[in-house]
Every structure is written in C-alpha cells, then in structure tokens.
2 protein chains.
Amino acid sequence: MHIILLSGGSGKRLWPLSNDIRSKQFIKIFKKEDGEYESMVQRIYRQIRAVDGEGTVTIATSKTQASSIHNQLGEEVGICVEPCRRDTFPAIALAAAYLHDVKGIPEKEPVIVCPVDPYVERDYFEALKELGEIARDGDVNIALLGMEPTYPSEKYGYVIPQDKEKVSRVVTFKEKPDAETAGEYIRQGALWNGGVFAFQLGYMLEKAHELIDFQKYEDLYAKYESLDKISFDYAVGEKEDSIKVMRFQGQWKDLGTWNTLTEAMEEPYVGEAILNETCENVHVVNELNVPVLCMGLKDVVVSASPEGILVSDKEQSSYIKPFVDKISQQIMFAEKSWGSFRVLDVEDESLTIKVTLNPGHKMNYHSHQLRDEVWTVISGKGRTIVDGVEKDVEAGDVIKMAAGCKHTIIAQTELKVIEVQLGKEISVQDKEKFEY
Amino acid sequence: MHIILLSGGSGKRLWPLSNDIRSKQFIKIFKKEDGEYESMVQRIYRQIRAVDGEGTVTIATSKTQASSIHNQLGEEVGICVEPCRRDTFPAIALAAAYLHDVKGIPEKEPVIVCPVDPYVERDYFEALKELGEIARDGDVNIALLGMEPTYPSEKYGYVIPQDKEKVSRVVTFKEKPDAETAGEYIRQGALWNGGVFAFQLGYMLEKAHELIDFQKYEDLYAKYESLDKISFDYAVGEKEDSIKVMRFQGQWKDLGTWNTLTEAMEEPYVGEAILNETCENVHVVNELNVPVLCMGLKDVVVSASPEGILVSDKEQSSYIKPFVDKISQQIMFAEKSWGSFRVLDVEDESLTIKVTLNPGHKMNYHSHQLRDEVWTVISGKGRTIVDGVEKDVEAGDVIKMAAGCKHTIIAQTELKVIEVQLGKEISVQDKEKFEY
C-alpha cells in the first residue's frame, strides 16, 4: 500500500496550540497505552505502520512543516515537500511525480491519498487497503471513501452513489451545500466526501500532464510556484465519470475544531490542570508549566500555550478564526528538525529564548548584523564554533557573540541553552547563513 | 487623623494573582482617571491622602509585605512591621506603641484602625473622620463603623445597636452567624462589623499593657513572636461595654473573592484580552504578555499570572481556597523593595530568572554554596561587586559567579538582568549575606 498523507496548512482554528508555523497535526494531545502523548501525525503514522509495514508513506507538505514532521516521525519518513502552498491538486501531482520519478514506483501500483487529521481506528486503514484493491482492479479510475453522514453538515462535500451497495458507482459530486440541501442529499442516499481516494499512479500522472506542462518531478518542483491553486476535487474528481465510492461506517472524526478535538480526548485534561467537581464537560489542554484551575464551568474548553490562552464555550469555539486573525503576535514556541525554541522574555532591546538541540543536531552556521548574543549552556554537552574557533562546551559555559560574528552550536547530548539577544532591532530576518 | 491600615495576610482566595508572598492588596487592577492601574493599597492610600493631607498613615503589616508596600507607596510611607503574624490584637497593640513611642503621638489623640482592602469612595473617609471625632470626645472607649447589611451574610460579625440613630451605643457583638441567625439579627436592626474602629491612643496602650507584659515599643517588638494569636474583637471589642457604633450606608465592598473583586472593576478586562460578543458578565485579569481569548462564556472570571490560570464561574470562585492549598508551587513572580523578579524557566539543574532593579537600589551582597550564576545585563546601567572587585556594567555585559563567590549588583538607572542559576540543588535557602 502506497499512501500519500496530505499534511495541510496552518490552521488557526485550534489556537493557541496551532499558529502560522505550528499546525494542529503536531499537537501532542492523544494518550497512548504507555501513558505518553502523541500528535495526530504521530498517531496516524503509527496506525498505518501497524496495518501495513511494507508500503510507502509519503507526507505531502510544505517547507515550513518539514522540520516538525522530521522532529515527530524521525529522519527516515518520506516527505514530498511543496516549495509553496498550491492546494491539493498540485500537491498530489507533485507527490505522484515524486513516487514515480524519485521512488521508482510503477504506474500500475495503486496509491491512496488521505488527509493527516481525521481521528480514526484500525478499520479505517483496512478500508484504505480495500480502496487500494479497487484501484488496482482498474475497473474505475478513482475509488473514494464515502463516510456515512450523521447530520446534514455544511462542512463537507457530498457524493451521490448509484445504489446502496458497499461499493457503487458515483452518480455525482455535490459541493458543500447549506443545511437544508444537505438534508435533501442525505435523503437521496448521499455520503460525505472525506477526501480519501485511491488511483493507479499512472492515472494521476496522466491527469497531471494533461493540466500541467512538465517532464519529470524536478521540473514540476521547479515550476511549482507558477501553478494555479486548485483542489483535487475541482480539477479531477468532479470531471471524472469513472469513479466508485466505498461506504465507510467506522469511526471517523474530523478534528478541525476544539469542539471535535476535545471529543477525541481520552481524559478531561492534558498538562497541569485541576477541575473541581462542579465542572461538566470541560476539557483543558495546558502546555504551560503552571496549573490551570477550573471551577463551575460547563461545556468549556480551556487551552493555554506560550502563544496565549483560549477559554471558550465548545460550540462557540468553531467561530474562533476571525478573532485569531486579529491577534498578530511573535511566535513564542516552535519545534524544528534540530529541536525546539521557546521565547522566555521580550524587552524593547533584548529577547531571551531557550533553545533545545536534539543529540547530534546543530544550528546553521550563521551571523547577525544588528544584534549581539550570549549563550549560557544550562544542560548537556556540545561544541561551539565562533568565527572558526571550535570549543567544547557544557552546562555553565558562557559564549558571547558580537554582531557580525559567525557562530553555531553542535549538540553531542541533548543540549539546552539560554540565548539572550541584544540589539536595537532584533528580527528573525537578520540572519546570514554560511558553510563551515 | 491618625490611621492604622491593617494590611493582612497572604490571601489565596484571589489566586493566581495572590499567593504566599503577594497579597491581593498589591494587585494593580483599578483603573485611575489617568488610565494607569493602581492596587487596593495604592487606591486607599491615595484616597486617605485626598481627604486628609495632615494626619499620619501607618501600615501595620508583616515583614514579607514591607517591600511590596515600599515598592508601591514609596519609601516615605509609615510602616509598623510585625516580626511575624499574630492576628489583629497584637498588631494593633504594636502599632499603638509605635505611634506613641516612635512617632510621639499623644495619648489623647484619636486613632482609626481600618483594613486595607475594602473598595470605598470619599464618603467612607469622611465617616472615618467623624469616627475619630467620637473617639476624641471621650464619651466612649471605642467607636466603630457599622455597615448597613444588604443580605444575611455568614461572612461578617454583627453589631446590635441600642437604637436607630446614626450614632448609638452598642448592646452586643455577635460572632459570624449562620444565614438564618443572620437574618434574625438583621430584623433586630443589627449592622455588619466592618472592622473599622476608633479609640484614643492611650486607651489602646492601656489595653495592650493589661494583656501583654511590656514597657515600650522596642520591648513589645522583641517579644512579639511569643505573643498569642488573638483578634482585636475577641481580646477587646467583645469585652468592652463603652462602645458606640456609627451607621455607614455608603459604598463598601469587601474585595475578598473574585466575585466581589470583579464587581469593582471598571472594565471587563485588565491586560491583554479579547471577549467575543457572546460573552456575558465575564471578567479577565491577565498579567501574562500573551492574549486571553474568551468566547461564549457567562458569569466567568479568568485570571492568568506567572503562577497559574484560573477559569471559574463567579459564584464558584468563593470556594477556591482548598484547591489552591493543594497547589504547591515555586513562587514565579515577586515584587521587592528593590524591584522585582520573575521566573522564566525551570529545569532540573538550572533556573532562569529576570531581575529588575529600581534605580538606586541593589541586591544584598551575598553568596551561594551550591550554585553558580551568570548575569547577562539586558538594559540599564549599574555596578557589580564580585569578591570585592567593582565594575561598571551595562546592557550586553556578562558576569559569571562561581559557587562561594560574594556578589551584588547596584542599579544606577533601572537595571534588568537575566540570571541563570546552575547547580544540582538550587534553593532559596542557599544564600549567605555579607556586609560590604
């Protein structure tokens, strides 16, 4: 089974846990059997691996997410990086070219595309396998998963099947309707389009070449920025007559809002929290290292992160986006491929951050024009290079770097550093990278 | 008018803004006409000064609060420091001895004692003046303010007056009753005991000498720790027959819980907050530098500080104490006479704090046995002394102090420093002070 996982954009609907550089799929919110927590992307990757140890998993994602993916899934995971965001059709076309031209997967092989963020169980992955087999048969060009609708949602597209069989031909696609029309579709036997489909790799390459002028993967990658934003449903799905839909009745939760996300939580809270006995249907996700105390609340979600604090009625939480759009704020926390950083203090002419480097990782060798920096190593062992001079460092060592000086730090063990930035104009743009 | 302001203990009822070393009276929550915020103690001190520029104001408080009081009211404010907590009778006795023996106030002068935390307007201070005049007349030994009760509260003691005149003799005191008994008292014309009373200084000294064996202020101060904990009401008030009560009908809010505190707030929030249009009767007090977003809440208070986050139904917030008692946590923020500190990061073998020194102030000259420290000056100018070596410092300077070395920093301007503490056992107890 070859799977393309679409790891989407910078959802603000789960603020303060998601932001411009941290998407909901990276939030560690689901308790595993061992008591540790995992994120959506870790959960789905683990689930796929449990069902199918053989096939390839390729995560189609943006540059900005690549480091978070490596950080959470390791260096070996297959990633097809989009140079910029161009919606699902270009992303799938690029991933298809990647599988064929880079990974050498034959054109006859079925490929399954699915989003990274539904909350599902093992039966879902069994269904993906079946979907792949329908695509392998070659009877139709596309096989998709139709979710049995539970209410006339306005959030989903609808698929109208020919009959009530488990697998049937698709008569037509319907765009996201209003609630009344959705009710009508459901009475006609329509299913939700969950964005999961399978096809033979050759079919998708053919569609890609029809709509985009390119030769091979590298070529497509190079011209990616010039492509139009267009969804797979619009570019291919709705124009294709040869489609089958397979009904899926198992658990499938779209974790797009706090309301649905908290439904998938095993326990009322993640992180430090106290809920008194008068709390009812309250969920807390607390990433700060101080406690959250909740008293006398009903149907409320509380989430605290270095970015901010949300306290919302669960229903109301769906309307969060315009409010978060108004909050323009410095990124306070980020996971990178090499580790993570957290902003500790912001002053007019200084910024203090804590940097955690994973063992064996390093920063880029870089310099700043307009700021001095001071590192105080607080734990671990490593090596610094400052203007070409190498030095072993450990907890307690202090390194001063004047503006203009080239510097990096390499972690031997996990290495934690307090970095104080000092200057009149401190900006993430003020950074020049060098080879060493 | 000579006023003794009783600045009480470490209320946990307004957690996370109040804690063991930071009491509710120091929270800057009330908006002044100039748009700045002031605390309870700042508000009441400003109000007293507006009504009476002449008399003395002496704040009776504990050692732990003295620095916060100086920080908020300046160095000149009169403080009578209790060496330890011994309830209101010893505190008032000590303050009376202080006024007489240290300040030289004659025994015939009336003194008014009142708590620091009611939310009141100008008429309250006019009433205090009148109360002082009743005490000056010498017709009775104690004059107290009786608040017209608005409901049968179980929180207050009750005073039963002889008649319905504005000023009348007190028949009896009643301890905090249950609601039913309180209702009965109110039908009998009882008033709330608001803890405000006036007496001639000589009377209080006489009572103090009756109950405590001491000579002068210094003597009482020295033996303070050996005194029994006993309230003024119990030790004096309830045993005294010669008492008058003056009715007070003006605004008088006891700001002891989040419920009552938020009622006194001019605006729905202090600090960074967004409340969407579906919020009703919601108050936010946010001391963090990230936003709080509230959606669809009703009758809720949200408070965020470096100590933690409270989200509570307003009614329920009165029951906070046992939950806060369970939270045992490092102090994350404190105001001191010399400035303030805030904990930025806690690791197993390091602690990173930000220290702000007020201009002209300094730390004690001190050393630690079990930790090294690194200072990075992030703003301002000052002077460090490390093992006797003095040095001028400014933003960007780094000072390393090994365990055992004696050190201090003196602020010329406001001075901010990032201090990284490094060691296997970091504790506030590990500190030895020296003269320099």
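Below you will find a few notes about this structure. (Residues numbered from 1 in each chain as written. Chains lettered and ligands numbered in written order. Predicted model: local features only at pLDDT ≥ 70, side-chain atom pairs only at ≥ 80, totals over all residues. Heavy atoms only, no water.)

**Considering the overall build of chain A**
Then step 1. For chain A, the count of helices and strands is 10 helices and 30 strands.
Then step 2. Relative to its length of 436 residues, chain A is compact, with a C-alpha radius of gyration of 24 Å against a globular reference of 22 Å.
Then step 3. When each of the 436 residues of chain A is scored for burial, the buried share is 57%.
Then step 4. Counted over contacts in chain A with a minimum sequence separation of 6, partners at least 24 positions apart contribute 66%. (Helix = DSSP H or I, 4+ residues; strand = E, 2+ residues; numbered from the N terminus. Rg over C-alpha atoms; globule rule 2.2 N^0.38 Å. Buried < 20%, exposed > 50% of the residue type's maximum accessible area, 1.4 Å probe, protein only. Contact = heavy atoms within 4.5 Å.)

**Considerations on helix 2 (residues 63-73) of chain B**
Residue and element names in this part refer to chain B.
Then step 1. Within the sequence span of helix 2, burial applies to Q65, A66, S67, S68, I69, Q72 and L73.
Then step 2. In this structure, the buried residues of helix 2 make contact with helix 1 (40-51), strand 4 (57-62), strand 5 (78-82) and strand 20 (333-336).
Then step 3. Within two residues after helix 2, G74 carries a phi angle of roughly 95°, on the positive side.

**Considerations on the side chain of R86(A)**
Residue and element names in this part refer to chain A.
Then step 1. Of note, R86 is situated in the loop between strand 5 (78-82) and helix 3 (88-102).
Then step 2. Of the buried charged residues, R86 lacks a salt bridge, with E225 as the closest side chain of opposite charge at 5.1 Å.
Then step 3. A distance of 2.7 Å separates a polar side-chain atom of R86 from the backbone oxygen of E225.
Then step 4. From its side chain, R86 meets the backbone oxygen of L227 in a polar contact 2.9 Å long.
Then step 5. Apart from residues lying up to four places away in sequence, R86 is in contact with Y224, E225, L227, D228, K229 and I230. (Lys, Arg positive; Asp, Glu negative; His and termini not counted. Salt bridge = Lys/Arg side-chain N within 4 Å of Asp/Glu carboxyl O. Polar contact = N/O pair within 3.5 Å; in protein donor to acceptor, adjacent residues only side chain to side chain.)

**Here's the deal with the state of the cysteines**
Then step 1. Applying the stated criterion across every chain yields a total of 0 disulfides over all chains.
Then step 2. Between C294(B), a free cysteine, and C279(B), which holds the nearest cysteine sulfur, the sulfur-to-sulfur gap is 5.4 Å. (Disulfide = S-S within 2.5 Å.)

**Thoughts on the pattern of salt bridges**
Then step 1. Per the stated rule, a full pass over the model turns up 55 salt bridges over all chains.
Then step 2. With a closest N to O distance of 3.3 Å, R43(A) and E121(A) form a salt bridge. Remark: E121(A) occurs in the loop between strand 7 (118-120) and helix 4 (122-137) and R43(A) occurs in helix 1 (residues 40-51); sequence separation between them is 78 residues.
Then step 3. Of the residues examined, R43(A) reaches a relative accessible area of 8% and is grouped as buried.
Then step 4. Notably, a salt bridge pairs E38(B) with R46(B), separated by 2.6 Å at the nearest N-O pair.
Then step 5. For R46(B), a relative accessible area of 40% puts it in the partly exposed group.
Then step 6. Salt bridges sharing common partners tie together D345(A), E347(A), K354(B), E414(B) and K416(B).

**Brief notes about the interface of chain B and chain A**
Then step 1. Each side of the interface is counted separately: chain B has 51 residues, and chain A has 51 residues.
Then step 2. With both chains or domains summed, chain B and chain A bury close to 4,200 Å², and 68% of this area falls on carbon and sulfur atoms.
Then step 3. When the buried surface of chain B facing chain A is broken down by residue, L293(B), M295(B) and I309(B) rank first, second and third, together holding 16% of it.
Then step 4. Here chain B and chain A share 22 residue pairs in polar contact (both at pLDDT 80 or more) between them.
Then step 5. Broken down by element, the residue count for the side of chain B that touches chain A peaks at 6 residues, all from strand 19 (residues 308-313) of chain B.
Then step 6. Both strand 17 (residues 292-295) of chain A and strand 19 of chain B contribute to a ladder of 4 bridges, which runs parallel. Along strand 19 of chain B, the bridge assignment pairs V292(A) with I309(B). (Buried area = accessible area lost by both parts, 1.4 Å probe. Pairing = 2+ DSSP bridges.)

**Concerning the sheet that holds strand 22 (residues 350-357) of chain A**
Two strands in a sheet stick together by hydrogen bonds in their backbones, pointing the same way (parallel) or opposite ways (antiparallel).
Residue and element names in this part refer to chain A.
Then step 1. One open sheet accounts for 6 strands, arranged 20-21-22-29-24-27; its pairing is antiparallel. Taken across any chain shown, the strands that pair with only one partner, and hence form the sheet edges, are strand 20 (333-336) and strand 27 (398-401). For this sheet the average axis-to-axis angle between neighbouring strands, irrespective of direction, equals 20°.
Then step 2. Note: strand 24 (residues 372-379) against strand 27, 4 bridges, orientation antiparallel. (Axes fitted to C-alpha atoms, helices over the stretch in contact; angles between N-to-C directions.)

**Comments concerning the nonpolar core**
Then step 1. Within the largest apolar cluster, 68 residues are counted, with the highest numbers of intra-cluster contacts made by C294(A), V311(A), C294(B) and V311(B).
Then step 2. Not counting the four nearest positions on each side in its chain, C294(B) is found in contact with V311(A), I274(B), L275(B), N276(B), C279(B), V282(B), V284(B) and V302(B). (Core = buried A, V, L, I, M, F, W, Y, C linked by side-chain atoms within 4.5 Å.)

**Side note on the relation of the copies chain B and chain A**
Then step 1. For these two chains of identical sequence, chain B goes onto chain A by a turn of 180° and a shift of 0.0 Å along the axis, with RMSD 0.2 Å. On this basis, the relationship between the two copies can be described by a two-fold rotation axis. Ranked by how close their C-alpha atoms come to the rotation axis, the residues of chain B are headed by L344(B), at 2.9 Å.
Then step 2. Take the interface residues of chain B: 100% of them recur as interface residues in chain A, which is what a same-surface contact looks like. (Least-squares fit on C-alpha atoms with pLDDT ≥ 70 in both.)

**A closer look at the packing of helix 1 of chain A against helix 4 of chain A**
Residue and element names in this part refer to chain A.
Then step 1. At a closest axis distance of 10 Å, the pairing of helix 1 and helix 4 adopts a crossing angle of 60°. Taken together, the axis directions place helix 1 and helix 4 in an arrangement best described as oblique. Here helix 1 and helix 4 pass one another in a crossing that is right-handed. Counted together, I44, Q47, I48, A50 and V51 of helix 1 and R122, F125, E126 and K129 of helix 4 form the full contact between these two elements.
Then step 2. For the contact of helix 1 with helix 4, the per-class residue count stands at 5 nonpolar, 1 polar and 3 charged. (Parallel < 35°, antiparallel > 145°, perpendicular 65-115°, else oblique. Left-handed = near helix turned anticlockwise from the far one by under 90°. Nonpolar A, V, L, I, M, F, W, Y, C, P; charged D, E, K, R; others polar.)

**Remarks on the packing of aromatic side chains**
Then step 1. Under the criterion given, the structure shown has 28 aromatic pairs over all chains.
Then step 2. Where Y156(B) meets W252(B), the ring centres are 5.5 Å apart and the plane angle is 50°; that geometry is what we call tilted. With a gap of 96 residues between them, Y156(B) in the loop between strand 8 (142-147) and strand 9 (158-161) and W252(B) in strand 13 (residues 252-254) connect regions that are remote in the sequence.
Then step 3. For W252(B), a relative accessible area of 14% translates into the label buried.
Then step 4. An aromatic cluster is defined as three or more aromatic residues linked by ring pairs; in this entry it consists of Y151(A), Y156(A), W192(A) and W252(A).
Then step 5. Sitting over the face of the ring of F30(B), R43(B) holds its NZ or CZ atom 6.0 Å from the ring centroid. (Phe/Tyr/Trp six-rings, centres within 6.5 Å; stacked < 30°, edge-to-face > 60°. Lys NZ or Arg CZ within 6 Å of the ring centre and 35° of its normal.)

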